[in-house]
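# Architecture and fold: a report
What follows is each chain in one-letter form.
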Amino acid sequence: MSTVDNLNLKVGRVMANRFIIEEMVGRGLEGEVYRVVEKHTNKVRAIKLFYPHRNEKQKVSTRIAKKLDKLSACPIVVDYIGYDILKFKNQNVACLITEFVEGEILSEFVDKHRGKRLAIFPALHLLYSLACGLESIHHRGEYHGDLHLDNIIIKKFGLEFDLKIIDLHHWGDSKKDNRDEDIIKLIRIFYEILGGQKYYAKLPESIKQIICGQKRSLILKKFRTVSDLKKYLESLDWSDAVK
Ligand SMILES: Nc1ncnc2c1ncn2[C@@H]1O[C@H](COP(=O)(O)OP(=O)(O)O)[C@@H](O)[C@H]1O
Ligand SMILES: [Mg+2]
């Protein structure tokens, strides 16, 4: 039997007698994401359909659904709405329903800025908002598992950033290792939004002290938990960044 690796649902199609397809908003190796409207309530939702060959016995998708449900009190995590198994081309396809986050993907937000990078102060604020959000996940014993610029959506920003993270992953290995990996990824995001390698050498010392040359062992020694990073930022002296 051929595997389902391309669903390409047409706009206007009704799924499970409940959701009207509006637009495909993402496609990757794992599956496809659509913006849909719930027929009876007119509410906009996001639906992720998992390709069956990447999701044996729906193990991966079920774990992710449970994890999202467990994290429903974390404001930074996309709201879980529901989970179902539907038949497409006679195969079971897992379908994860979440809130649809209106906003801008972090990578696009950064690209719009001059030099495709943020200034120090907004970058620090963004890192702080992410650290606070991640702390609420880690406090519940969980991890994100795939933090990068395309899995973060900025809903709005003023003095603070109102962020949502999507696309949580489940890996079979230790949760502690995965939480460490989240911290490394957070520092990587900070480095990238400040312009990456091209600008690293020119960054003020106080900022380099956070990035630690991206050395894993140095970062994890300095920030044993994401709460350490949060506290570090709260008392950071970044006066060397003022020129
Ligand atoms: N809940 C959501 N609200 C708004 N946009 C979403 C949502 N989920 C996914 N997207 C969009 O779809 C893209 C792919 O979704 P994602 O869950 O990251 O899947 P993958 O990275 O595995 O393809 C995202 O980068 C984002 O642009
Ligand atoms: Mg993604």
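Residues numbered from 1 in each chain as written. Chains lettered and ligands numbered in written order. Predicted model: local features only at pLDDT ≥ 70, side-chain atom pairs only at ≥ 80, totals over all residues. Heavy atoms only, no water.

## Regarding helix α8 (residues 226-234)
Cut-off, in case you're wondering: The classification of residues rests on relative accessible area computed with a 1.4 Å probe and restricted to protein chains. Under 20% of the type maximum is buried, over 50% is exposed, and intermediate values are partly exposed. Working definition: helices are DSSP H or I runs of at least four residues, strands are E runs of at least two. Numbering for both runs from the N terminus. Directions are taken from the helix axis to each C-beta atom, and the arc is the one they span. Note on contacts: a residue pair qualifies if any of its non-hydrogen atoms lie within 4.5 Å across the two residues.
Buried within α8 are the following residues: V226, S227, L229, K230 and L233. Take α8 and look down its axis: the buried residues cluster within an arc of 155°, on one side only. Where α8 is buried, its residues touch α3 (120-138), α4 (175-193) and α6 (205-211).

## Notes on the side chain of E135
Our working rule: Polar contact is the term for a pair of N or O atoms within 3.5 Å; when the atoms are in protein, one must be able to donate a hydrogen and the other to accept it, and sequence-neighboring residues count only if both atoms are side-chain atoms.
In this structure, E135 sits in helix α3. Within the structure, the side chain of E135 is placed 2.8 Å from the side chain of K230, a separation counted as a polar contact. When sequence neighbours within four positions are dropped, the list of residues in contact with E135 reads V226, S227 and K230.

## Some words on the site of ligand 1
Here is the rule: The near set for a molecule or strand comprises every residue that places at least one heavy atom within 4 Å of it. The method behind every accessible area is Shrake-Rupley, applied with a 1.4 Å probe, and residues are considered shielded solely by the protein chains displayed. Under the grouping applied here, Gly and all other residues not named as nonpolar or charged are polar, the nonpolar ones being Ala, Val, Leu, Ile, Met, Phe, Trp, Tyr, Cys and Pro and the charged ones Asp, Glu, Lys and Arg. Domain start and end points were adopted from an automatic or database domain assignment.
The full set close to ligand 1 counts 18 residues, and K48, E99, V101, N151 and D167 are the nearest of them. Residue V101 places a main-chain N or O atom 2.9 Å away from a nitrogen atom belonging to ligand 1. The separation between an oxygen atom of ligand 1 and a polar main-chain atom of D150 is 3.1 Å. Contact with the protein chains removes 82% of the 540 Å² of surface that ligand 1 exposes when unbound. Broken down by secondary-structure element, the contributors of at least two residues to the shell around ligand 1 are β2 (19-27), β4 (44-50) and β6 (91-99). Sorting elements by how many residues they give to the shell around ligand 1 places β2 first, with three residues. Here the residues of the shell around ligand 1 are counted per class, giving nine nonpolar, four polar and five charged. A domain-level breakdown of the shell around ligand 1 finds at least three residues from each of domain 1 (14-99) and domain 2 (104-241).

## Some points on the coordination of the magnesium ion (ligand 2)
Formally: A donor here means any N, O or S atom no more than 2.8 Å from the metal (3.2 Å for Na, K and Ca); water is not included, so a site may seem to lack partners.
In the first shell of the magnesium ion (ligand 2), the protein supplies N151 (OD1) and D167 (OD), at 2.1 to 2.2 Å from the metal. Of the two residues, N151 is situated in the loop between α3 and β8 (152-157) and D167 in the loop between β9 (161-165) and α4; the sequence distance between them amounts to 16 residues. The exposure class assigned to D167 is partly exposed, which follows from its relative accessible area of 24%.

## Concerning the packing of α3 against α8
Note the following rule: Every angle, taken between N-to-C directions, lies between 0 and 180 degrees, and every axis is a line fitted to C-alpha atoms, over only the stretch in contact when it is a helix. By convention the crossing between two helices is left-handed if the near helix lies anticlockwise of the far one by an angle smaller than a right angle, and right-handed if it lies clockwise.
Running from N to C, α3 and α8 point in directions that differ by 150°, and their axes come no closer than 9 Å. In this structure, α3 crosses over α8, and the sense of that crossing is left-handed. The segment α3 lies against α8, with L124, L127, Y128, A131, C132, L134, E135 and H138 engaging V226, S227, L229, K230, L233 and E234.

## Some points on the packing of aromatic side chains
Aromatic rings considered in pairs are described by the distance between their centres and by the relative angle of their planes. Operational definition: Only rings of Phe, Tyr and Trp enter the pairing, Trp through its six-membered ring, and a pair is recorded when the two centres are within 6.5 Å. The plane angle decides the type: under 30 degrees is stacked, over 60 is edge-to-face, the rest tilted. Either the NZ atom of lysine or the CZ atom of arginine qualifies as a charge over a ring when it sits within 6 Å of the ring centre and within 35 degrees of the ring normal.
Taken as a whole and assessed by the stated rule, the structure comprises six aromatic pairs. Geometrically, the ring pair formed by F109 and F157 is edge-to-face, given 5.1 Å between the ring centres and 80° between the ring planes. Pair noted here: F109 is in helix α2 (residues 106-111) and F157 is in strand β8, with a separation of 48 residues, a long-range link. Through pairs of rings, three or more aromatic residues link up here, namely F109, F157 and F161. Positioned over the ring face of Y199 is R117, at 3.7 Å from the centre of the ring. The ring of Y200 is capped by K208, whose NZ or CZ atom sits 6.0 Å from the centre of that ring.

## What about unusual backbone geometry?
With a phi close to 50°, A16 is a non-glycine residue in the positive phi region. On the secondary structure map, A16 appears in the loop between β1 (14-15) and β2. Phi at N42 is positive, roughly 65°, even though this residue is not glycine. With respect to the helices, strands and loops of the structure, N42 is situated in the loop between β3 (31-38) and β4.

## Digging into the domain arrangement of the protein
Our working definition: What gets called buried area is simply the loss in accessible area from a 1.4 Å probe that two parts show on being joined, summed for both. Whenever Lys or Arg places a side-chain nitrogen within 4 Å of a carboxyl oxygen from Asp or Glu, that contact is recorded as a salt bridge.
Splitting the protein by domain gives domain 1 (14-99) and domain 2 (104-241). Listed per partner, the contact involves 15 residues of domain 1 and 18 residues of domain 2. Here domain 1 and domain 2 share an interface that buries about 1500 Å² over both sides, 61% of which is from carbon and sulfur atoms. For the domain 1 face of the interface with domain 2, the top three residues by lost area are K67, K70 and I76, together amounting to 43%. Counting across the domain 1 and domain 2 interface gives five salt bridges. The salt bridge involving E142 is made with K70; its shortest N-O contact spans 2.9 Å. In this structure, the connection of domain 1 to domain 2 is made through ten residue pairs in polar contact (both at pLDDT 80 or more). Among the elements that line the side of domain 1 that touches domain 2, the one with the most residues is helix α1 (residues 59-70), at five residues. Counted by class, the side of domain 1 that touches domain 2 contains nine nonpolar, no polar and six charged residues.

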